[in-house]
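If you want the building blocks of each chain, they are given just below.
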Amino acid sequence: ESSNRRELVRLEPQIIPYAPQSPDGVGAAAISETAGLKIPMLTVGPHDRIGISGPNGTGKTTLVRTLLRTIATREQYSGVPLPRLTITQNTTDQDAREAMRRLTALTPTDRGDVLSAFAQLNVDPSRLLAGGNPSPGELRKLLLCLGLRDHPHLIVMDEPTNHLDLHSIQALAHALAGYPGALLLVSHDEGFLECTASIRWTLHSDGLGGAQLTVS
């Protein structure tokens, strides 16, 4: 569904600090304690379709986490929830087990609706019906189909085309085109973003260990 709010979330102009590097050195390249992502004022409207892109390490995930934290803070303050669906880049075995549990717990009619939507994303649902575990690409599609049952006003997907073939990417883009709410899509796939996003937030390295965001 789409929200009747004029604005779902706003971030004021600021420098969002990068998360510190993990103690074992795994993850982003070493950065100074003051490095971060410089942003202008950013808003997400109820029908905005936003694509976020930029080189690895510039802060795309940091930005999304900041937006989601801001939404959660606003919910706590106002007491009014913002229905949303967030599908992360890296799913886990636990995510797969929970998704299958949710699927099998549905009534036959509701389960049929979910599997019908699942099939429209260029997937054969027979393996799920036989009790097989979904692949990473199948899991992300299943999470989307299950999550849409909760009528989210905002869908956030981090690298949604990972593990998908060309026909599946096209099917996903077509499905998202019919979604009436707000979309926030992080992707390196320019073709996918051209099909799904009318607003672009592009991150650029500033050459000093940080990055800047431009809106177009």
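Criteria and thresholds
Residues numbered from 1 in each chain as written. Predicted model: local features only at pLDDT ≥ 70, side-chain atom pairs only at ≥ 80, totals over all residues. Heavy atoms only, no water. Pairing = 2+ DSSP bridges. Helix = DSSP H or I, 4+ residues; strand = E, 2+ residues; numbered from the N terminus. Axes fitted to C-alpha atoms, helices over the stretch in contact; angles between N-to-C directions. Buried < 20%, exposed > 50% of the residue type's maximum accessible area, 1.4 Å probe, protein only. Polar contact = N/O pair within 3.5 Å; in protein donor to acceptor, adjacent residues only side chain to side chain. Contact = heavy atoms within 4.5 Å. Expected span 1.5 Å × (residues − 1). Core = buried A, V, L, I, M, F, W, Y, C linked by side-chain atoms within 4.5 Å.

Digging into the sheet that holds strand β9 (residues 199–205)
With respect to topology, eight strands assemble into an open sheet ordered β2-β3-β10-β9-β5-β8-β7-β6, the strand pairing being mixed. Both edges of this open sheet fall to β2 (14–17) and β6 (84–87), since each of them pairs with a single strand only. Across this sheet, the average inter-strand angle for adjacent strands is 15°, counted without regard to direction. The sheet contact formed by strand β7 (residues 154–158) and strand β8 (residues 182–186) spans five bridges and is parallel. Paired with V156 across the strands is L184, a residue of β8.

Some remarks on the side chain of S187
Take S187: it is sitting in the loop between β8 and α7 (190–196). Note on S187: relative accessible area 0%, which makes it buried. Polar contacts involving the side chain of S187 include one to the main-chain amide nitrogen of D189, which spans 2.9 Å. The residues contacting S187, other than those within four sequence positions of it, are I52, S53, E159, P160, T161, F192 and L193.

Re unusual backbone geometry
Here N122, not a glycine, exhibits a phi torsion of approximately 65°, which is positive. Its place among the elements puts N122 in the loop between α3 (108–119) and α4 (126–129).

With respect to helix α1 (residues 60–78)
With 19 residues, α1 extends 27 Å from end C-alpha to end C-alpha; this agrees with the ideal 27 Å at 1.5 Å per step. In the stretch just after α1, G79 is the one whose phi turns positive, near 75°.

A short note on the nonpolar core
Core analysis: the biggest nonpolar cluster contains 31 residues, and L142 and F192 have the highest contact counts within it. Counting only elements with at least two residues in this core, the list comes to β6, α2 (93–105), α3, α5 (136–147), β7, α6 (166–177), β8 and α7. Per-element accounting of this core gives the leading share, six residues, to α5. The next biggest cluster of nonpolar side chains, apart from the first, holds 27 residues, and it includes V9, I50, L82 and L213.

Describing α6
In a regular helix each residue adds 1.5 Å, so twelve residues correspond to 16 Å; α6 covers 17 Å between its end C-alpha atoms and thus fits that length. Three or more residues of α6 are buried, namely S168, I169, A171, L172, A173 and L176. Among the structural elements, β5 (49–53), α5, β7, β8 and α7 are those in contact with the buried residues of α6. Residue D165 occupies the N-cap position of α6, its side-chain oxygen lying 3.3 Å from the main-chain nitrogen of H167.

With respect to the environment of K38
With respect to the helices and strands, the residue K38 is situated in strand β3 (residues 36–39). By relative accessible area, which is 47% here, K38 ends up partly exposed. Distance in space between the C-alpha atoms of K38 and Q14 is 5.9 Å, their sequence separation being 24 residues. Those residues within four positions of K38 in sequence are excluded, and the remaining contacts are Q14, I15, A211, Q212 and L213.

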